[in-house]
There are 2 protein chains.
Amino acid sequence: MNYIFRQKQLATLLRRGGFDALLVTHLPNVLYLCGFTGTAGVLLFQVSDRAHKATFYTDGRYDQQAHAEVKSAKVVVGKKAAFAEACEGAQKAKVRTLGFEADHLSYSAYKQIGMTVRGKTRIKPAAGLVEQLRLIKDGDEIGQIRASVLLAASLFQTALSVIKPGVAETQVAGELELQARRAGAEKMSFDTIVAAGPRSALPHGRASAQPIPPQGFIILDYGVILASYCSDMTRTVHAGAVSRSHRRMYEAVKEAQLASIAAVKPGVETGEVDRAGREVLKKAGFDAFFTHSTGHGVGIEVHEQPRLAKGQTQKLAPGMVVTIEPGIYIPEEGGVRIEDMVLVTETGHEVLTPTAKDLITL
Amino acid sequence: MNYIFRQKQLATLLRRGGFDALLVTHLPNVLYLCGFTGTAGVLLFQVSDRAHKATFYTDGRYDQQAHAEVKSAKVVVGKKAAFAEACEGAQKAKVRTLGFEADHLSYSAYKQIGMTVRGKTRIKPAAGLVEQLRLIKDGDEIGQIRASVLLAASLFQTALSVIKPGVAETQVAGELELQARRAGAEKMSFDTIVAAGPRSALPHGRASAQPIPPQGFIILDYGVILASYCSDMTRTVHAGAVSRSHRRMYEAVKEAQLASIAAVKPGVETGEVDRAGREVLKKAGFDAFFTHSTGHGVGIEVHEQPRLAKGQTQKLAPGMVVTIEPGIYIPEEGGVRIEDMVLVTETGHEVLTPTAKDLITL
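Residues numbered from 1 in each chain as written. Chains lettered and ligands numbered in written order. Predicted model: local features only at pLDDT ≥ 70, side-chain atom pairs only at ≥ 80, totals over all residues. Heavy atoms only, no water.

1. Some words on the interface of chain A and chain B
Often the size quoted for an interface is simply the accessible area lost on bringing the parts together. Going by this rule: Two residues form a contact once any of their heavy atoms are found within 4.5 Å. Two parts placed together each lose some accessible area under a 1.4 Å probe, and the buried area is that loss summed for both. What counts as a salt bridge is simple: a side-chain nitrogen of Lys or Arg found within 4 Å of a carboxyl oxygen of Asp or Glu. Distance and chemistry together define a polar contact, namely a pair of N or O atoms within 3.5 Å, with one atom able to donate a hydrogen and the other to accept it when in protein, and with adjacent residues in sequence counting only for side-chain atoms on both sides. Runs of E in the DSSP output that reach at least two residues are strands. Runs of H or I that reach at least four are helices, and both are numbered from the N terminus. Residue classes follow a fixed rule: Ala, Val, Leu, Ile, Met, Phe, Trp, Tyr, Cys and Pro count as nonpolar, while Asp, Glu, Lys and Arg count as charged, and any other residue, Gly among them, counts as polar.
With 37 residues of chain A in contact, the opposing surface of chain B contributes 37 residues. Carbon and sulfur atoms supply 50% of the area buried between chain A and chain B, which totals about 3,300 Å² over both sides. In terms of surface lost to chain B, no three residues of chain A exceed Arg-61, Tyr-107 and Arg-181 of chain A, which account for 23% of the buried area on that side. Applying the counting rule to chain A against chain B returns six salt bridges. Asp-191 of chain B is the partner of Lys-187 of chain A in a salt bridge, and the nearest nitrogen-oxygen pair spans 3.0 Å. Connecting chain A to chain B are 20 residue pairs in polar contact (both at pLDDT 80 or more). Looking at the side of chain A that touches chain B, the elements that each hand over two or more residues are helix H3 (63-69), helix H5 (107-117) and helix H8 (169-182) of chain A. The element that contributes the greatest number of residues to the side of chain A that touches chain B is H8 of chain A, accounting for nine residues. Split into classes, the residues belonging to the side of chain A that touches chain B amount to 14 nonpolar, 13 polar and 10 charged.

2. Some words on the sheet that holds strand E2 (residues 42-47) of chain B
Residues and elements named next belong to chain B. Convention followed: When DSSP finds at least two bridges between two strands, those strands are taken to pair. To get an axis, a line is fitted to the C-alpha atoms, and for a helix only the part in contact is used. The angle between two axes follows their N-to-C directions and goes from 0 to 180 degrees.
Spatially, the six strands line up as an open sheet ordered E4-E3-E2-E1-E5-E6, and their pairing is mixed. Sheet topology places strand E4 (74-78) and strand E6 (122-125) at the edges, where each strand pairs with a single neighbour. When strand polarity is set aside, the average angle formed by the axes of neighbouring strands in this sheet is 25 degrees. The sheet contact formed by E2 and strand E3 (residues 52-59) spans six bridges and is antiparallel.

3. Examining the packing of helix H7 (residues 139-162) of chain A against H8 of chain A
A packed helix pair is summarised by two numbers, namely the angle formed by the two axes and the spacing between the axes. Residues and elements named next belong to chain A. For the record, the criterion: By definition in this entry, angles of less than 35 degrees are roughly parallel, angles greater than 145 are roughly antiparallel, angles of 65 to 115 are roughly perpendicular, and the rest are oblique. By the definition used in this description, the sense in which the near helix is turned from the far one sets the handedness, with an anticlockwise turn below a right angle giving left-handed and a clockwise turn giving right-handed.
Packing of H7 against H8 leaves a shortest axis separation of 9 Å and a crossing angle of 140 degrees. Viewed along their axes, H7 and H8 adopt a mutual orientation that is oblique. When the axes of H7 and H8 are compared, the crossing they make is right-handed. Together, Leu-151, Leu-155, Thr-158, Ala-159 and Val-162 of H7 and Val-172, Glu-175, Leu-176, Gln-179 and Ala-180 of H8 make up the contact between the two elements. Looking at the contact of H7 with H8 residue by residue, the class counts come to seven nonpolar, two polar and one charged.

4. Describing the sheet that holds strand E8 (residues 193-196) of chain A
All names here are of chain A. The three strands lie next to each other as E8-E9-E12, forming an open sheet whose pairing is antiparallel. Both edges of this open sheet fall to E8 and strand E12 (233-239), since each of them pairs with a single strand only. Averaged over all neighbouring strand pairs, the angle between strand axes comes to 15 degrees, with direction disregarded. Pairing analysis gives seven bridges linking strand E9 (residues 216-222) to E12, with the strands arranged antiparallel. Within the sheet, the bridge partner assigned to Asp-221 lies in E12 and is Thr-234. Together, E8 and E9 form the strand contacts of H8, whose direction differs from that of E8 by roughly 150 degrees.

5. Some points on the relation of the copies chain A and chain B
To be explicit about the condition: Here the copies were fitted onto each other by least squares, based on C-alpha atoms from residues at pLDDT of at least 70 in both.
Least-squares fitting of chain A to chain B yields an RMSD of 0.0 Å, with the transformation described by 0.0 Å of translation along the axis and a rotation of 180 degrees. Taken together, the rotation angle and the small translation identify this as a two-fold axis. Of the C-alpha atoms belonging to chain A, the one lying closest to the rotation axis is found on Ser-106 of chain A, 2.0 Å away. When you check the interface residues of chain A against chain B, 100% turn up at the interface there too, and the contact is symmetric in its surfaces.

6. Looking at the packing of aromatic side chains
Cut-off, in case you're wondering: We call Phe, Tyr and Trp rings a pair once their centres come within 6.5 Å, taking the six-membered ring for Trp, and we label the pair stacked below 30 degrees between planes, edge-to-face above 60, and tilted otherwise. Relative accessibility thresholds used throughout: buried, under 20% of the residue-type maximum; exposed, over 50%; partly exposed, between the two (1.4 Å probe, protein chains only). By definition here, charges over rings are those cases where NZ of Lys or CZ of Arg is within 6 Å of the ring centre and within 35 degrees of the ring normal.
Applying the stated criterion across every chain, the model contains 12 aromatic pairs over all chains. Their ring planes at 85 degrees and their centres at 5.5 Å tell us that Phe-36 of chain A and Tyr-62 of chain A sit as a pair that is edge-to-face. Here Tyr-62 of chain A lies in the loop between strand E3 (52-59) and H3 and Phe-36 of chain A lies in the loop between helix H2 (27-34) and strand E2 (42-47), a separation of 26 residues in the sequence. Tyr-62 of chain A gets classed as buried once you look at its relative accessible area, which sits at 2%. Each ring, one from Tyr-107 of chain A and one from Tyr-110 of chain B, has its centre 4.5 Å from the other, and the planes form 55 degrees; the classification is tilted. Taken together, the residues Tyr-107 of chain A in helix H5 and Tyr-110 of chain B in helix H5 (residues 107-117) connect one chain to another. Grouped by ring-pair contacts, the aromatic residues Phe-100, Tyr-107 and Tyr-110 of chain A together with Phe-100, Tyr-107 and Tyr-110 of chain B constitute a single cluster. Here Arg-6 of chain A stacks its cationic end above the ring of Tyr-32 of chain A, 4.1 Å away from the centre of that ring.

7. Section: the domain arrangement of chain A
Residues and elements named next belong to chain A. Going by this rule: The domain boundaries here were taken from an automatic or database domain assignment.
Each assigned domain of chain A is listed with its residue range as follows: domain 1 (3-134) and domain 2 (139-351). Averaged C-alpha coordinates put domain 1 and domain 2 at centres separated by 34 Å. Buried area between domain 1 and domain 2, summed over both chains or domains, comes out near 600 Å², and the portion from carbon and sulfur atoms is 50%. Taken together, the links from domain 1 to domain 2 amount to two salt bridges. A salt bridge links Glu-304 to Arg-134; its shortest N-O distance comes to 2.7 Å.

8. Here's the deal with the environment of Val-242 of chain B
Residues and elements named next belong to chain B. Within the element layout of this structure, Val-242 appears in the loop between strand E12 (233-239) and helix H9 (244-262). Distance in space between the C-alpha atoms of Val-242 and Leu-359 is 9.6 Å, their sequence separation being 117 residues. When sequence neighbours within four positions are dropped, the list of residues in contact with Val-242 reads Arg-247, Leu-359 and Thr-361.

9. Some remarks on helix H2 (residues 27-34) of chain B
Of all eight residues that make up H2 of chain B, seven are buried, and the element is covered over most of its length. Regarding H2 of chain B, the residues found buried are Pro-28, Asn-29, Val-30, Leu-31, Tyr-32, Leu-33 and Cys-34 of chain B.

10. Considering the pattern of salt bridges
All told, the structure shown has 42 salt bridges over all chains when counted by the stated rule. In this structure, Asp-221 of chain A engages Arg-337 of chain A in a salt bridge whose closest nitrogen and oxygen atoms are separated by 2.8 Å. Remark: Arg-337 of chain A occurs in strand E17 (residues 334-337) and Asp-221 of chain A occurs in strand E9; sequence separation between them is 116 residues. Look at Arg-337 of chain A and you get buried, because its relative accessible area is 2%. Residue Asp-340 of chain B is joined to Arg-235 of chain B by a salt bridge in which the shortest nitrogen-to-oxygen separation is 2.8 Å. In this pair, Asp-340 of chain B sits in strand E18 (residues 340-344) while Arg-235 of chain B sits in strand E12, placing the two residues 105 residues apart along the sequence. Pair check on accessibility: Asp-340 of chain B and Arg-235 of chain B agree, each one buried.

11. A word on the environment of Val-344 of chain B
All names here are of chain B. If you trace the backbone, Val-344 turns up in strand E18. In this structure Val-344 comes out as buried when scored by relative accessible area, which is 1%. When near neighbours in sequence (up to four residues on either side) are disregarded, Val-344 contacts Val-264, Lys-265, Pro-266, Leu-316, Ala-317, Pro-318, Gly-319, Met-320 and His-349.

12. Points about the nonpolar core
Just so we agree on the cut-off: What is meant by a nonpolar core is a set of buried Ala, Val, Leu, Ile, Met, Phe, Trp, Tyr and Cys residues, joined one to another through side-chain atoms within 4.5 Å.
Of all hydrophobic cores here, the largest spans 42 residues; its most connected members are Leu-10, Leu-43 and Phe-56 of chain B. At five residues, H2 of chain B tops the list of elements feeding residues into this core. For this core, the domains that each give at least three residues are domain 1 (3-134) and domain 2 (139-351) of chain B. If you look at the next biggest cluster of nonpolar residues, it comprises 41 residues, including Ala-73, Leu-133, Cys-230 and Leu-352 of chain A.

Here is the structure:
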């Protein structure tokens, strides 16, 4: 990963915003800028007219790990918590205007900065700066994301081999997660969703102890973290004979998903991608049952910028990686969702998820 | 779970603090007060002299789930995000003094409250109020924690059945996690640690693709979430013949752990529990290698109050549930940690973790 390039880009953003330093506390941002994968670390990032200086603070538990992982930053292992040490670092460095990550830092921690620097430093909210860089994935990142997507896709076969009426949803999730581990995933990118029968009408139906009923939709929504990059995919399969109304639901979602994917290209507003799929569901009479947005960015975090939702005006650009995941949820009846990850390319898009979308019946 | 009792206790704390309402945004606190287990929900909790009123806000994705789970609160499914809806709720209710969870709410969200209520409401930080209630577990909670601890302990046998030199750490973690799923756990309470050989010197050595070496310590640190309650345990086993120095390390940690456990009783400061174990390691000449604190509370969150660390003056009280987990980490050589969960009782303590602590060699 090219940490130096990323740090130079951040330095430019900070100079433009009138900052002399940024306290990077959001761990995915810390990882992006210097490679640390642990759970306690803060980066103090200082800029001058022509140079920048990155100091990474952690505590004794992460001494060895920080020295092994952190690149392009000085490592300081302090006696206090990383955040307290980093605030003291800013105070000692006499930073004039110190930015902090307002979307991620708690109000209490914000107050703690003020107590440490004590009026000599101007503390100024700096929301979304590193996120702005992370929005466009570089070549290394796209490579990692591809690997993570392919691993997740391979697990769909595992799920199909165990899923059948009578098996608990958690059992399906467990087998899939074990395979993920065997294939080298660090962990799942979020709580695995296995939602069968009426539970498929819950857009966020985490796997429960409920056995899969003999009849109805089963939504599988999951992803892995592989080498720090996330994947996210959804497929819906069906147990028992497929009624005409279930067939209509499935085909409408599939058509909507393809319509939204077709809309993905540089310069298009994310709200337009949402609209393309929603229109299809409207024509089929299902739009009232599509109760969430169309998608989100994926990278170091499984939910990151951009948001693909009604009315959003952000424009797509090459290097963005997003999910396209329309769904229909009919209470007590069931639900359907189909989700792929899609890369925005120079000329249009590339669907990263290789898994077929024809309705599979068990 | 007795949500009404908890809400009454919170109402008392709020009246004492001069608050007319609290915006409960920290999800473990929301769960504690009204039973919601999803990932998007805010509770607006209003108090008057003699009564209180709880309104739970969520979005369309959690409509069914909220109505099924939430007790002792009115459920509002809004069109906007739950937080925005709850802020508007506070504005419409003309709350005079509105508390917010300063340790958990981002600076940006704090600003958003102000934009919504627009000067008619005084916004005041309220840190740790619900946490103060959660510190003392009630009978229902202790029952859930016991079940979670026993499930985790049963997984140690699973781990022992697969762990051996040559097997990847992630494979051990994966088998253990699959068993957890089969036994009904929602998920692991944190990233499973399997750290073998020199990696055992990393206090937070998440399972890696590294095969277990033929010789050295292996730390297993993991826990499950069962019915929303966490467990957390650590055992250290040894591959190959145990050298005299490794035996000394292990026995020192075991003795230190027993000494800290023996110190657990109502009225004792948590710093004293830490000191008891640290003294043992000092006598054995290992105190410089005990680089973290002795333990932490466990409940809905795997790390919660109280902290058992050097110099802490908080006093233990019946109903607290804490970990006792001293360790020694010698860089490049290896590490040992032993961790139990312990309940503070009226007269002393009860060790909840049933697993033996004699050194197991593979």
